[in-house]
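The lines below spell out each chain.
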Amino acid sequence: MSQLVTIFGGSGFVGRYIARRMAKEGWRVRVAVRNVNEAMFVRPYGVVGQVEPVFCNIRDDASVAAVTEGADAVVNCVGVLDEIGKNTFSAVQAEGAERIARIAASMGISRMVHVSAIGADPQASSQYSQTKAAGEAGVLQHVPDAMILRPSIIFGPEDQFFNRFAGMARLGPVLPVVGADTKFQPVFVDDVAAAAVKGLLGQAAGGVYELGGPDVHSFRELMQLMLGVIRRRRLIMNIPFWIARMMAFGFGVVRALSLGLIKGPVTKDQVLNLAINNVASDDAKGFDALGITPMAMEAILPDYLWRFRPSGQYDAIKESAKNLKA
């Protein structure tokens, strides 16, 4: 019988790409998610019965144990950018990650990949980065040979970065950003998945890998690149951090008074993160150590941002028509 991998958050942005790659490797894939009905799209990644979504609540030991039993390897892709109800940074990114590793170790599973983030640091100012670091520590405590992946900001067809700002660019002549000079090293989602698969197949050693794409850009430069792809001219307006903190505080009050029904565009924790460069360290292991050549943004962005162009899929046709001679 083929080997089995359990992917926590396997229908999410990164998890679905890992699931697809593991299915192609011939593994059975158990996709552990909170909402099974919304994860049915993963089933065609393999032959009938090869990829199956199952319910799991990573805040509960019994739930995690049920989907881990019988697995040969596990992957944790679960993370949150914003706290919602009981899914706090601590409950998901610290306690949840430790729980998965602890239960996997108790079942004799020694092969684990944990998706963290560049900037994970117990001394960080943001709870997001603090809990990412706590999650890493919890994983390594129980599975010392685990592979820890720390990607920079991830891009791809389902991303919440370029898609979000491209959507905003359609609404007016100004595109506001917080931390226009902050540096990022965007990485393609399938390259992150390829790195995870290396660890799952035993083709790469455990340890921490910081994953960044081939280019480093400021937030402003990324927005300029995105605007070029969607063929729109917009004024990129940098919001100073002190104003962003005031905005985040105000949005936080409104959110609390509305019992979470009204959400602002930015939170206090996100503002803190945007003040820190998000690039791979010079001395960190990365794609080179894995034998992977990361894809450039210019090769990928047009494939999914075309829908934000003024004429969508017909924009290129209209542009070509202008060059026709009478």
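Residues numbered from 1 in each chain as written. Predicted model: local features only at pLDDT ≥ 70, side-chain atom pairs only at ≥ 80, totals over all residues. Heavy atoms only, no water.

**Considering the overall build of the protein chain**
Rules: Here a helix means four or more residues in a row that DSSP labels H or I, a strand means two or more in a row labelled E, and each is numbered from the N terminus. Restricting the calculation to C-alpha atoms gives the radius of gyration, and the globule rule supplies 2.2 Å times the number of residues raised to the power 0.38. Each residue gets one of three labels from its accessible area relative to the maximum for its type: buried under 20%, exposed over 50%, partly exposed in between, using a 1.4 Å probe on protein chains only. Contacts: residue pairs with any heavy atoms within 4.5 Å of one another. Accessible surface is estimated by sampling points in the Shrake-Rupley manner with a 1.4 Å probe; for residues, cover comes only from the protein chains shown.
When helices and strands are tallied, the protein chain shows 12 helices and 13 strands. Here the protein chain has a C-alpha radius of gyration of 21 Å; the compact-globule value for 326 residues is 20 Å, and the two agree. Considered along the principal axes of its C-alpha atoms, the protein chain spans approximately 70 × 50 × 40 Å. Every one of the 326 residues in the protein chain was classed for burial, and the buried ones make up 49%. Taking the intrachain contacts of the protein chain between residues at least 6 apart in sequence as the baseline, contacts between residues at least 24 apart amount to 76%. Surface accessibility of the protein chain: about 15800 Å² in total, with carbon and sulfur atoms responsible for 54%.

**Description of the side chain of aspartate 191**
Basically, it comes down to this: The convention is simple: Lys and Arg are positive, Asp and Glu are negative, and His and the chain ends are not counted. What makes a salt bridge here is a side-chain nitrogen of Lys or Arg within 4 Å of a carboxyl oxygen of Asp or Glu, nothing more.
Tracing the chain through its elements places aspartate 191 in helix H6 (residues 189-200). Buried charge aspartate 191 goes without a salt bridge, the closest partner of opposite sign being arginine 21 at 5.7 Å. Not counting the four nearest positions on each side in its chain, aspartate 191 is found in contact with Phe287, Ile292, Thr293, Pro294 and Met295.

**Quick look at the packing of aromatic side chains**
The description of an aromatic ring pair uses the distance of the two centres, along with the angle that the planes make with each other. Applied cut-off: Stacked, tilted and edge-to-face are the three classes assigned to paired rings of Phe, Tyr and Trp, where Trp is represented by its six-membered ring and a pair needs centres within 6.5 Å; plane angles under 30 degrees give stacked, over 60 edge-to-face, the rest tilted. Charges are assigned to positions over rings by a cutoff of 6 Å between ring centre and Lys NZ or Arg CZ, combined with an angular limit of 35 degrees from the ring normal.
As enumerated under the stated definition, the model contains 10 aromatic pairs in all. Centroid distance phenylalanine 155 to phenylalanine 162: 6.4 Å. Interplanar angle 80°. Geometry classified as edge-to-face. Looking at phenylalanine 162, the relative accessible area reads 0%, which means it is buried. If you follow arginine 164 out to its NZ or CZ, it ends over the ring of phenylalanine 165, 5.7 Å from the centre.

**Remarks on helix H3 (residues 89-106)**
The condition that has to hold: The span expected for a helix works out to 1.5 Å for each residue beyond the first. For a residue, the bend is simply the angle between two axes, fitted respectively to the seven-residue segment ending there and the seven-residue segment starting there.
Spanning 18 residues, H3 covers 25 Å between terminal C-alpha atoms, matching the ideal 26 Å at 1.5 Å per step. Along its length, H3 shows its largest kink, about 35°, at glycine 96. Considered for burial, the residues of H3 that qualify are Phe89, Ala91, Val92, Gln93, Ala94, Gly96, Ala97, Arg99, Ile100, Ala101, Ile103 and Ala104. Each element contacted by the buried residues of H3 is listed here: strand E1 (4-8), helix H2 (61-68), strand E4 (73-76), strand E5 (112-115), helix H4 (127-142) and helix H9 (268-274).

**A closer look at the sheet that holds strand E11 (residues 207-211)**
Put simply, the rule reads: Whether two strands pair depends on DSSP finding at least two bridges between them. What counts as an axis is a line fitted to C-alpha atoms, over the stretch in contact for a helix, and the angles between N-to-C directions run from 0 to 180 degrees.
Strand order in this open sheet of 7 strands is E3-E2-E1-E4-E5-E6-E11, and the pairing throughout is parallel. The open sheet terminates on both sides in strands that have one partner only, identified here as strand E3 (51-55) and E11. The mean angle between the axes of side-by-side strands here comes to 20°, regardless of whether they run parallel or antiparallel. Here E1 runs beside E4; their pairing, made up of 4 bridges, is parallel. Each residue of the ladder has a partner; that of phenylalanine 8, found in E4, is asparagine 76.

**Concerning the environment of cysteine 56**
Here cysteine 56 lies in the loop between E3 and H2. Sequence spacing of cysteine 56 and serine 281 is 225 residues, and the spatial spacing of their C-alpha atoms is 34 Å. Residues in contact with cysteine 56, not counting those within four places in the same chain, are Phe8, Ala32, Val33, Arg34, Ser63, Val64 and Val67.

**With respect to a nonpolar patch on the surface**
Which entries qualify depends on this criterion: What goes into a patch is any residue over 30% in relative accessible area without a salt bridge, connected to like charges within 9 Å or, for nonpolar side chains (Val, Leu, Ile, Met, Phe, Trp, Tyr), within 5 Å.
Taken together, the side chains of Val174, Leu235 and Met237 define a hydrophobic patch exposed on the protein surface, amounting to about 250 Å² of accessible area. Looking at where leucine 235 falls in the secondary structure, it is placed in strand E13 (residues 235-239). By relative accessible area, which is 53% here, leucine 235 ends up exposed.

**Some details on the environment of serine 125**
Positionally, serine 125 belongs in the loop between E5 and H4. Remark: the alpha-carbon pair of serine 125 and glycine 250, spanning 125 residues in sequence, is separated by 20 Å. Discounting residues that sit within four places of it in the chain, serine 125 has contacts with Gln130 and Leu272.

**Let's talk about the side chain of asparagine 278**
The condition is simple: Pairs of N or O atoms within 3.5 Å make up the polar contacts considered here, provided that, within protein, one atom can donate a hydrogen while the other can accept it, and that residues adjacent in sequence are counted only when both atoms are side-chain atoms.
In this structure, asparagine 278 sits in the loop between H9 and helix H10 (287-290). Judged by relative accessible area, asparagine 278 falls into the buried class, the value being 16%. Polar contacts involving the side chain of asparagine 278 include one to the main-chain amide nitrogen of isoleucine 153, which spans 3.4 Å. Setting aside residues up to four positions removed in sequence, asparagine 278 forms contacts with Ile118, Ser152, Ile153, Lys183, Phe184 and Gln185.

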